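Report on the structure
Each chain, written out:
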Amino acid sequence: FFFQAEDGIRDYKVTGVQTCALPISRGIVSPVAGRVIRKFGQTGGGIGRSEGWTWRAEPNATVRAPAQGTVEYSGTLKGWGKVLILRLGGQYHLVLAGMDSANAVAGGQFAAGEPVGRMGTGTDPELYLEIRKDGAPMDPARWLKSAAGG
């Protein structure tokens, strides 16, 4: 993954192999209550092709872990707000971006549905979710159990 961190470009390398069963094989849950406004492969809103899904949420809404995972990265990235990268198992990772606050540290673990952060208090906050396998983006639709709207 390459992100524009507040302190410059960061090459985030995902290392290691986990041999346990993939938690997302059972599906993932929507990370925030709201309406899906952009899905994988769509364009618009001044961005290129989306490599994930974007939800429009209520101000100050709770963000929940979509699946069981271990925090690989927790921090602020320029243009993305607070970002969490969760290792889900195998070569799968999940990215959540656009939060105002996150209650996670690298190495921490979350169960599916557990609160991981909050949206901002501004008008129409958006949360971005991306799933990657071996660094390549994958459409979250194949795993989402339910998603409001869109």
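Before going into details, it helps to say that this report is about the structure given with it. None of these values were measured; they are calculated from a predicted model.

It is worth spelling out the side chain of serine 50 at this point. Among the secondary structure elements, serine 50 is positioned in the loop between β3 (34–38) and β4 (53–57). Take serine 50: its relative accessible area is 3%, and that puts it in the buried class. Within the local environment of serine 50, its side chain forms a polar contact with the backbone oxygen of glycine 52, the two atoms lying 2.7 Å apart.

All right, on to the nonpolar core then. Membership of the largest hydrophobic core comes to 28 residues, with the highest contact counts inside it found for Ile28, Leu94, Leu96, Met99, Val116 and Met119. Contributions of two or more residues to this core are made by β4, β7 (81–89), β8 (92–99) and β12 (126–133). No other element matches the four residues that β8 contributes to this core. When residues no more than four places from it in sequence are discounted, the contact partners of methionine 99 are Val63, Trp80, Gly81, Lys82, Leu84, Val116, Gly117, Arg118, Met119 and Leu127. Core analysis: the next-biggest nonpolar cluster, separate from the first, contains seven residues, Tyr73, Leu77, Val83 and Ile85 among them.

A word on unusual backbone geometry. Of note, asparagine 60 is a non-glycine position whose phi angle comes to about 65 degrees, a positive value. If you check the backbone angles, aspartate 134 has positive phi at about 50 degrees while not being a glycine. Relative to the helices and strands, aspartate 134 resides in the loop between β12 and β13 (136–138). For aspartate 134, a relative accessible area of 56% puts it in the exposed group.

Turning our eyes to something else, we now look at the pairing of β4. When a strand is regular, its side chains alternate between the sheet's two faces. Counting buried residues along β4, four of its five residues qualify, which places the element largely inside the surrounding structure. Where β4 meets β12, four bridges bridge the pair, whose relative direction is antiparallel. Across the sheet, residue tryptophan 55 finds its bridge partner in β12, namely leucine 127.

Attention now moves to the sheet that holds strand β5 (residues 62–64). Ordered by their spatial adjacency, three strands build an open sheet running β5-β11-β9, and the pairing between neighbours is antiparallel. With one partner strand each, in any of the chains shown, β5 and β9 (101–102) form the two edges of the open sheet. Strand direction decides the pairing type here: β5 and strand β11 (residues 115–118), joined by three bridges, are antiparallel. Bridge assignment links arginine 64 to a residue of β11, and that residue is proline 115.

Cut-offs used in this document
- Residues numbered from 1 in each chain as written.
- Predicted model: local features only at pLDDT ≥ 70, side-chain atom pairs only at ≥ 80, totals over all residues.
- Heavy atoms only, no water.
- Helix = DSSP H or I, 4+ residues; strand = E, 2+ residues; numbered from the N terminus.
- Buried < 20%, exposed > 50% of the residue type's maximum accessible area, 1.4 Å probe, protein only.
- Polar contact = N/O pair within 3.5 Å; in protein donor to acceptor, adjacent residues only side chain to side chain.
- Core = buried A, V, L, I, M, F, W, Y, C linked by side-chain atoms within 4.5 Å.
- Contact = heavy atoms within 4.5 Å.
- Pairing = 2+ DSSP bridges.

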